[in-house]
Amino acid sequence: MKRIGSLLIVLVLVAVMAGCTVVSPSGGSDYGESYTLSITSTTGGSVINPGEGTFTFDEGQVVNLFALPEPGYQFTNWTGNVGTIANVNASITTITANDSYSIRANFSGNSSSPLGTNYTAAEVEELIIVLVNDEREQYDLTTLSEDALLTSLAREHSISMVENNFFGHERYPGERPLSYNMSCGTIRGENLAKIPTRQYIPGPYLTLQEICEWAVSGWMDSPGHRANILEPRYYNTGVGVSFSDEGNFTYLYITQIFEGDYDY
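This is a predicted model, so every value here is computed, not measured.

Student: Provide a residue-level description of the overall build of the protein chain, including the pertinent values.
Tutor: Per the secondary structure count, the protein chain includes 4 helices and 14 strands. Classification of the 264 residues of the protein chain by burial places 46% in the buried group. Counting only contacts in the protein chain whose residues sit at least 6 apart along the sequence, the fraction spanning at least 24 positions is 69%. A total accessible area of about 12600 Å² is found for the protein chain, and carbon and sulfur atoms account for 48% of it.

Student: How would you sum up the environment of Glu70? Please name residues and give values.
Tutor: Locating Glu70 in the fold gives a position in the loop between strand 6 (62-69) and strand 7 (73-80). Of the residues examined, Glu70 reaches a relative accessible area of 42% and is grouped as partly exposed. Residues Glu70 and Gly109 lie 39 residues apart in sequence; the distance between their C-alpha atoms is 9.4 Å. Once residues within four sequence positions are removed from consideration, Glu70 is found in contact with Gly44 and Gly45.

Student: Kindly report on unusual backbone geometry, identifying the contributing residues and their values.
Tutor: Omega for the peptide link from Asn49 to Pro50 comes to 5 degrees, which places this bond in the cis form. Its place among the elements puts Pro50 in the loop between strand 4 (45-49) and strand 5 (53-58). Here Asp140, not a glycine, exhibits a phi torsion of approximately 55 degrees, which is positive. Structurally, the position occupied by Asp140 is in the loop between helix 1 (121-138) and strand 10 (145-146). Unlike most non-glycine residues, Asn181 shows phi in positive territory, near 60 degrees. Within the fold, Asn181 resides in the loop between helix 2 (148-163) and strand 11 (186-196). For Asn181, a relative accessible area of 56% puts it in the exposed group.

Student: Mind laying out the packing of aromatic side chains, listing which residues take part and the relevant values?
Tutor: On inspection of all chains with the given rule, the structure shows 8 aromatic pairs. Centre to centre, the rings of Phe75 and Trp78 are 5.6 Å apart; their planes meet at 55 degrees, and the pair counts as tilted. The exposure class assigned to Trp78 is buried, which follows from its relative accessible area of 2%. Look at Phe166 and Tyr172: their rings are 6.2 Å apart centre to centre, the planes differ by 25 degrees, and that puts the pair in the stacked class. Relative accessible area serves as the criterion here: at 35%, Tyr172 is assigned to the partly exposed category. A network of ring pairs unites the aromatic residues Phe75, Trp78 and Phe107 as a single cluster. The ring centre of Tyr180 lies 5.1 Å from the NZ or CZ of Arg176, which sits over that ring. The ring of Tyr251 carries Lys194 above its face, with NZ or CZ at 4.8 Å from the centroid.

Student: Pulling in residues and values, what's your account of the pairing of strand 14 (residues 249-261)?
Tutor: Of all 13 residues in strand 14, 12 are buried; the element is thus mostly enclosed. Where strand 13 (residues 234-246) and strand 14 come together, 12 bridges link them in antiparallel fashion. Within strand 14, the position partnered with Tyr234 by the bridge is Gly260. The antiparallel hairpin formed by strand 13 and strand 14 contains 2 residues in its connecting segment, where Gly247 sits at a positive phi of about 65 degrees.

Student: Explain the pattern of salt bridges to me, using residue names and the numbers behind them.
Tutor: This model, assessed by the stated rule, comprises 7 salt bridges. Taking the shortest distance from any N to any O, the salt bridge between Glu175 and Arg171 comes out at 3.9 Å. Look at Glu175 and you get buried, because its relative accessible area is 10%. A salt bridge links Arg233 to Glu231, with the shortest nitrogen-to-oxygen separation between them at 3.0 Å.

Student: Break down the sheet that holds strand 4 for me, with residues and values.
Tutor: Ordered by their spatial adjacency, 3 strands build an open sheet running 4-6-8, and the pairing between neighbours is antiparallel. Single-partner strands in this sheet number two, and they are strand 4 and strand 8 (92-96). The sheet shows a mean angle of 35 degrees between the axes of neighbouring strands, taken without regard to direction. As judged from the 5 bridges shared by strand 6 and strand 8, these two strands associate in the antiparallel manner. Paired with Leu65 across the strands is Thr93, a residue of strand 8. Across the sheet, helix 2 touches strand 4, strand 6 and strand 8, and the angle it forms with strand 6 is around 105 degrees.

Definitions and limits used
- Residues numbered from 1 in each chain as written.
- Predicted model: local features only at pLDDT ≥ 70, side-chain atom pairs only at ≥ 80, totals over all residues.
- Heavy atoms only, no water.
- Helix = DSSP H or I, 4+ residues; strand = E, 2+ residues; numbered from the N terminus.
- Buried < 20%, exposed > 50% of the residue type's maximum accessible area, 1.4 Å probe, protein only.
- Contact = heavy atoms within 4.5 Å.
- Areas by Shrake-Rupley, 256 points an atom, 1.4 Å probe, with all protein chains shown as cover.
- Phe/Tyr/Trp six-rings, centres within 6.5 Å; stacked < 30°, edge-to-face > 60°.
- Lys NZ or Arg CZ within 6 Å of the ring centre and 35° of its normal.
- Pairing = 2+ DSSP bridges.
- Salt bridge = Lys/Arg side-chain N within 4 Å of Asp/Glu carboxyl O.
- Axes fitted to C-alpha atoms, helices over the stretch in contact; angles between N-to-C directions.

See the structure below:
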């Protein structure tokens, strides 16, 4: 009987403080040509980076793409003028502007539930926030509010880790950074967990409650991650979950991002 113990929960803590940055106007393009990139999407998701619509880029410019599926959907592929897209099957990839292109991000309906389970990624995200707020309430701390931007960043990172076969707080090329769109005087922190849907082979699958409790209890048992959960300055959060089939196991990659004021 093969056991996957709690040591396979990997937890990472990162804290970032935002500053105020002044961007100077460009002195002009070094390129002789510029091209348009038109981006659309099907039902079931949207293109977060660079957005949807028509954009202008310099010739040869490498543009980061990120397509985010809605709960209950999954990213399928990019179609259209995809000749310079690095990976048409990856939701986080790049396209090189060598001409004017029109591309579309395609999504398909999916229950988001892996084999042997009856819960979705969205349900895991929701319960993680509930359990983290339960921990905060025990210490008379204000509960965290779910923030749309933080949720988007957390989902992006979990998806990126699965698609690019890594686990850690570093951002894969094309991902938005943890500090993306932070306001001056704010801080962010991040906890990660990688948890199998069952502990043994053969063995029963873990329930939604068991999965989420395992993640949060693992964080609470780690001083740095416990500090993130119990940081009094934090007031916003976002959680993102992505499933990954790896050998005989299915894993949940869980990202939770926290945000608050630097001065408390």
